Amino acid sequence: MTKPLKIITLFSVSLLLVSCSSSGSKTLKFSSKEEAFLAQVDFLKDSEDIVVITSPTDQQVEELRKEKTNVLTAICKTVASMVSTGKDANGAALDASSLSKQQEYLDQNCSPGAMPSVDQDELSTRDLVQTRSCDFYEATRRIVCKEWQVQGDEISKEAWEAIKPNYYYYNF
């Protein structure tokens, strides 16, 4: 590589590094590990909690509905057999009260076309997440902190993952 080409390459790389490091990040230099840790503690004090909601996909809801339908079909088949024979699954005779309860179950849950309900909201999970976090890297003598800036108390998982965090580098 010729000397002018090396100079242009080095200039381009340094310009790229400066532009990358200045977009949404801060680098601070500390004289000791302890000072960097104290800065990290101060940074984390201002962290807030946010609820990240993970909702199942329509496909996951449908798969669960099918699974519940298969289970309900098997149970209804067993209960219908018990009612028609008057015996439980082990072959023991059912008393009138038990037989009545089995018939009631059939009437309430096993009508033709009965579909078990699957509530998408009940399947959603809610996780409490901090809006600030830090990682310590001894080898590079650096603490890397991240901050996600959000509005409100809740956010969908998809929206949370789409947020690009601001980075703070505490070198020591």
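A brief look at the structure comes next. (Residues numbered from 1 in each chain as written. Predicted model: local features only at pLDDT ≥ 70, side-chain atom pairs only at ≥ 80, totals over all residues. Heavy atoms only, no water.)

**Details of the pattern of salt bridges**
Here is step 1: Counted by the stated rule, this structure contains seven salt bridges.
Here is step 2: Close ionic contact of Glu147 with Arg132 constitutes a salt bridge, the shortest N to O distance being 2.8 Å. With Glu147 in strand β5 (residues 142-147) and Arg132 in strand β4 (residues 132-137), this pair connects stretches of sequence that are 15 residues apart. Accessibility assignment for this pair places Glu147 and Arg132 in one class, buried.
Here is step 3: When the shortest N-O distance is used, the salt bridge between Glu161 and Lys157 registers 3.9 Å. Within this pair, Glu161 and its partner Lys157 are both found in helix α6 (residues 157-162), separated by four residues, close to a single helical turn.
Here is step 4: Overall, Glu161 belongs to the exposed group, its relative accessible area being 54%.
Here is step 5: Three or more residues joined by partner-sharing salt bridges are found here, namely Asp46, Arg132 and Glu147. (Salt bridge = Lys/Arg side-chain N within 4 Å of Asp/Glu carboxyl O. Helix = DSSP H or I, 4+ residues; strand = E, 2+ residues; numbered from the N terminus. Buried < 20%, exposed > 50% of the residue type's maximum accessible area, 1.4 Å probe, protein only.)

**Some points on the pairing of strand β2 (residues 49-54)**
Here is step 1: Two strands pair when backbone bridges link them, and β2 and strand β3 (residues 125-130) are joined in this way by six bridges, in the antiparallel orientation. The residue of β3 that forms the bridge with Val51 is Leu128.
Here is step 2: Two strands pair when backbone bridges link them, and β2 and strand β6 (residues 154-156) are joined in this way by three bridges, in the parallel orientation. Pairing of Ile53 across the sheet is with Ser156, part of β6. (Pairing = 2+ DSSP bridges.)

**Notes on the sheet that holds β6**
Here is step 1: Read from one edge to the other, the open sheet built from three strands follows the order β3-β2-β6, with strand pairing classed as mixed. Each edge of the open sheet is held by one strand with a lone partner, namely β3 and β6. Going from strand to strand, the sheet's axes swing by 35° on average, the running direction of each strand aside. (Axes fitted to C-alpha atoms, helices over the stretch in contact; angles between N-to-C directions.)

**Some details on the sheet that holds β4**
Sheet strands associate in pairs through backbone hydrogen bonding, adopting either a parallel or an antiparallel arrangement.
Here is step 1: One open sheet accounts for four strands, arranged β1-β7-β5-β4; its pairing is mixed. Each edge of the open sheet is held by one strand with a lone partner, namely β1 (25-29) and β4. For this sheet the average axis-to-axis angle between neighbouring strands, irrespective of direction, equals 15°.
Here is step 2: With five bridges joining them, β1 and strand β7 (residues 166-171) adopt parallel strand pairing. Counterpart to Leu28 in the pairing with β7 is Tyr170.
Here is step 3: Seen against the sheet, helix α2 (residues 33-45) touches β4, β5 and β7 and runs at an angle of roughly 165° to β4. (Contact = heavy atoms within 4.5 Å.)

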